[in-house]
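Remarks on the overall topology
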Amino acid sequence: MSFSAQEMVEKTRKIVAPWKEKKGGLIPILQEVQKELGYISTEAMETISKELKIPKSEIYGVATFYAQFHLKPRGRHVVRVCRGTACHVRGSLAVLEKVKEITGIQENETTDDLRFTIEPVACLGACGLAPVMMVDSQTFGRLVPGKVQGILDTFR
Amino acid sequence: MTNKIRTLDDLRRIREASTDLTSARSKGRASIVVGMGTCGIAAGAREVMTAALQELEKRNIHDVSVTTTGCIGMCQQEPLVDVIAPGMGRITYGLVTPEDMAAIVAEHIVNGHIVERLVIGRAD
Amino acid sequence: MPIFRSHILVCGGTGCSSSGSQDVQKVLRDEIAKRNLDKEILVVQTGCHGMCEMGPIVVVYPEGTFYCRVQASDVPELVGEHIVKGRPVQRLLYSVPEDASRVPFYKDIPFYGKQHRIALKNCGYINPDNIEEYIARGGYEGLGKALTSMTSAQVIDEVKASGLRGRGGGGFPTGLKWSFAAKSPGPKKYVICNADEGDPGAFMDRSLIEGDPHAIIEGMMIGAYAIGADEGYVYCRAEYPLAIERLKTAIAQAEEFGLMGTDVLGTGFNFTLHIKEGAGAFVCGEETALMGSIEGRRGMPMPRPPFPAVHGLWGKPTNINNVETWANVAQIIVNGGAWYASMGTEKSKGTKVFALTGKVKHTGLVEVPMGITLREIIFDIGGGILNDRKFKAVQIGGPSGGCLTEEHLDLPVSYESLTGAGAIMGSGGMVVMDEDNCMVDVAKFFLEFTQRESCGKCVPCREGTKHMLLLLEKITSGRGTMEDISTLEQLAEMVREMSLCGLGQTAPNPVITTLRYFRDEYEAHIRDKRCPSHACTALLRYEIDPETCKRCGLCAKNCPVSCISGSRQEPYRIDQEKCIRCGTCFQKCPFGAIGKN
Ligand SMILES: Cc1cc2nc3c(=O)[nH]c(=O)nc-3n(C[C@H](O)[C@H](O)[C@H](O)COP(=O)(O)O)c2cc1C
Ligand code: FES
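Please read these numbers as outputs of a predicted model, since none were measured by experiment.

Rules and cut-offs
- Residues numbered from 1 in each chain as written.
- Chains lettered and ligands numbered in written order.
- Predicted model: local features only at pLDDT ≥ 70, side-chain atom pairs only at ≥ 80, totals over all residues.
- Heavy atoms only, no water.
- Contact = heavy atoms within 4.5 Å.
- Buried area = accessible area lost by both parts, 1.4 Å probe.
- Salt bridge = Lys/Arg side-chain N within 4 Å of Asp/Glu carboxyl O.
- Polar contact = N/O pair within 3.5 Å; in protein donor to acceptor, adjacent residues only side chain to side chain.
- Helix = DSSP H or I, 4+ residues; strand = E, 2+ residues; numbered from the N terminus.
- Buried < 20%, exposed > 50% of the residue type's maximum accessible area, 1.4 Å probe, protein only.
- Pairing = 2+ DSSP bridges.
- Axes fitted to C-alpha atoms, helices over the stretch in contact; angles between N-to-C directions.
- Domains from an automatic or database assignment.

In this section: the interface of chain C and chain A. Between chain C and chain A, the residue contacts involve 51 residues of the former and 32 residues of the latter. Together, the buried faces of chain C and chain A total about 3,300 Å²; carbon and sulfur atoms form 57% of this surface. The largest share of the area that chain C buries against chain A comes from Ala279(C), Arg298(C) and Phe445(C), three residues that together contribute 18% of it. At the surface where chain C touches chain A, the tally comes to 1 salt bridge. Of the charged contacts in the structure, one is a salt bridge between Arg90(A) and Glu53(C), with a shortest N-O distance of 3.9 Å. At the junction of chain C and chain A, the tally comes to 15 residue pairs in polar contact (both at pLDDT 80 or more). For the side of chain C that touches chain A, the leading source of residues is helix α17 (residues 439-453) of chain C, giving 5 residues.

Right, here's the structure in full:
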């Protein structure tokens, strides 16, 4: 998924349009932009600023405040190893280490072939199955480091 | 069917009409247990089961559960049907036909009279 | 309406879905259709049963037979044996870990035996996507009663009489909070449901929304009527896509049935409800930050007063409660405040849902009356410690909570008792730990969390947590001094007293309690450069026992940094300088010749 600067501006405009007269739109807009473009590009932030008449600094401030938003493109698959308490005491760190070892990247990094991005997550709410990891929208529970390779292999 | 609820009575009505949705998840006031071992099925237990469900539906009875059970070792008497109703213990009927089943629902479940001609066993 | 002789309930909660319940459901529907049973057997997707560890869970009614860890490949047998022939499939029944006996029925499983389900009443029992099932279970009766036969003041009095207190952490009396918002003047007011559930290790709010969304909606509408609001928001974490989906469906159905919108039940009461997705910031669970986030700003807490009841969302009077708090409201109205107050302790009434996780045999959601002891929760309901190891501590209340020990096991659980012991009720996360968990590491873990989530607005929290974390990192890597402990204590006190919001004020709790109850572990790390639980990798030493070593070479072959040498003639040994303590050799050795120290 990659778009030209012009495309980004247009797509963003469309997303902003219904929010122009309403309050509280910034976060839903950013969520929508990220869904469309895969990340929050500079072009997108500039467009939102112009359309909603709010300073760029404020948009940047909001976008960087929330863990959900990304200012850089991400891999095709996002791997989230749960770092919550329940998972921690059942050995999630070893699972994370295994993911890092297999992909060769650290948290918040993306592989060169844009296949994987690793992101930390506080808790996936599946603590009963700890340790847990999520690849895209699929959750995998009761993990041990030995299972990681098999799971990642299914995501090309 | 639109289900617009405009008054409290509408709500109660929908609640009435909806109880069947979950009533099969509680034991109900009485239960009918059909023996569905291989022998039971061979002897026609499936048809008996269907008859029980149809009769209950026809009579708009929603608080009686219908379940199946395996072979209880009296295969020559199959199809076997147990009816458990409060105050009447557990009655076992043998060689039940679909028509008998309808009668059992009418007599035993609705009127509270045990269908003596079919009884082959009793327990509390 | 046709009668189904049996209902098969398949859990569609997040836990069971990740263990494959969607496949089970699909194959089940196919199998039922293939055998022409679809006129007599109904397959229902439900919300979470709370026993996610044993998922996918399938319950067959009317018997109430409870099957666990069901896979798609088990379905033909389940239908053929149980549904057709009435013979429960023994191998899929729940088995009691103590004696491996099989338990066929829901009601007989010890995990559920001591529970008392009010908030979770419908979870796992009804199809959350069907409003009629909710109504069949008495749903919207509470709203009906409140709107048609009670004044708003009477509603508030009833909630006050119930003794219900906020389940989001603070434990503030709910009725009292409502009375503040009710008193604030103004035609425009809001109600908010806090479903941000940021406490890692807690998932009751997710399960409640997934399993019984209408209960939350009904509670909110009753609250809105009581305070005079006509609009509401549910602020839900974006990590909970299924919960958001279910809530959307529920709102649409309530509108379609005329239970939400204008002139509800002909009483002139109006209400609309919106969903806001959170964007991943723990501090947004704090009420003022949450409202900032709904308004589209950075979610940073504001000093109170003014309280939301006076100056809330967009400056209007607002009442905000937690998901579980809302879930109790309708039943309080239907059954009366006195009924609710008859359960629990003197000051903590009713029941509380706990998320029991970590090193216990049965992890899951448990709803118990207040006043039950920790021992009952962990050992009777939870079945004790995994692999029969020794209980060491239970962490209650998440990053703001604390670790309690053996000596607290007989403590009756209530807001007051937990606070007195140094933990907090919080949202009800209970993470059980055994001998393998290092308490210094746990304290460090929580500080990493709060430090990352600190919003940065006030200095004591932003800088204080950072320096506490640095000290803990120093200690767990073996470079600590005794002085560090007292510095840590001073910092903890400072951060607690001077921070702006609850995040900073409570962030030191995990450090304070572990220092209070496990000081010797801190000292072992510092004085002996040793981690008694063998959890802090920097302090570990792997060694090969030359007597037990069979010289197979498996360890050397698997070592990622090639620091093991030896041969057929000579026992293998580890070069401690090069060793990265990954533990691979320890796992690979078939003879248990490698020791961890
Ligand atoms: C840092 C911080 C995080 C919080 N997170 C949550 C949360 O995730 N869910 C919640 O219901 N309350 C949370 N709270 C508490 C809320 O501020 C507020 O007290 C609560 O929503 C009120 O509802 P209640 O009275 O029903 O408990 C948090 C508070 C703080 C200080
Ligand atoms: S702690 Fe990992 S899913 Fe909750």
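Continuing now.
What follows concerns the interface of chain B and chain C. With 37 residues of chain B at the contact, the number on the chain C side is 41 residues. Taking both sides of the interface into account, the surface hidden between chain B and chain C amounts to around 3,300 Å²; carbon and sulfur atoms contribute 57%. Of the charged contacts, one joins Arg15(B) and Glu141(C) as a salt bridge, the two residues approaching to 3.7 Å between their closest N and O atoms. At the boundary of chain B and chain C, one finds 6 residue pairs in polar contact (both at pLDDT 80 or more). Broken down by secondary-structure element, the contributors of at least two residues to the side of chain B that touches chain C are α1 (8-23), α2 (38-42), α3 (45-58) and β2 (64-69) of chain B. Considering each element in turn, the side of chain B that touches chain C owes the most residues, 11 residues, to α1(B).

Turning next to the side chain of Gln115(C). Residue and element names in this part refer to chain C. Structurally, Gln115 is set in the loop between α4 (110-113) and α5 (131-136). A residue is classified by how much of its surface remains accessible, and Gln115, at 11% relative accessible area, is buried. One polar contact links Gln115 to Arg117, side chain to side chain, over a distance of 3.3 Å. A polar contact of 2.9 Å, which involves the side chain of Gln115, links it to the backbone nitrogen of Glu367. The contact partners of Gln115, leaving out residues within four places of it in the chain, are Leu365, Val366, Glu367, Val368 and Ile381.

We now examine the environment of Glu81(C). Residues and elements named next belong to chain C. Mapped onto the elements, Glu81 comes out in helix α3 (residues 75-85). The residues touching Glu81, leaving out its near neighbours within four places in the chain, are Gly86, Arg87 and Val89. A polar contact is formed between the side chain of Glu81 and the side chain of Arg87, at a distance of 2.9 Å.

All right, on to the sheet that holds strand β8 (residues 231-236) of chain C then. Whenever strands of a sheet pair, they do so through backbone hydrogen bonds, lying parallel or antiparallel. All names here are of chain C. Read across the sheet, 5 strands follow the order β9-β10-β8-β7-β11 without closing on themselves; strand pairing throughout is mixed. Since the sheet does not close on itself, it has two edges, and those belong to β9 (261-264) and β11 (318-322), each with one partner. Across the sheet, the mean angle from the axis of one strand to that of its neighbour is 25 degrees, orientation sign disregarded. In terms of strand pairing, strand β7 (residues 190-195) meets β11 through 5 bridges, oriented parallel. Each bridged residue has a counterpart across the sheet, and for Asn194 the counterpart in β11 is Asn322.

Moving on: the domain arrangement of chain C. All names here are of chain C. Considered domain by domain, chain C is made up of domain 1 (6-109), domain 2 (131-341), domain 3 (351-434), domain 4 (439-527) and domain 5 (540-596). On a C-alpha basis, the centroid separation for the pair domain 3 and domain 4 is 22 Å. Taken together, the contact pairs 18 residues of domain 3 with 15 residues of domain 4. Note on domain 3 versus domain 4: buried area summed over both sides is about 1,200 Å², and carbon and sulfur give 67% of it. Looking at the side of domain 3 facing domain 4, the largest losses of area belong to Lys392, Pro399 and Cys403, adding up to 43% of the total buried there. Put simply, domain 3 and domain 4 have 1 salt bridge between them. In this structure, Glu521 and Lys392 form a salt bridge, with 2.6 Å as the shortest nitrogen-oxygen distance. Seen at the junction of domain 3 and domain 4, the total is 6 residue pairs in polar contact (both at pLDDT 80 or more). Elements with a minimum of two residues in the side of domain 3 that touches domain 4: β14 (391-396), β15 (402-405) and α16 (415-421). Considering every element that reaches the side of domain 3 that touches domain 4, the biggest residue donor is β15, with 4 residues.

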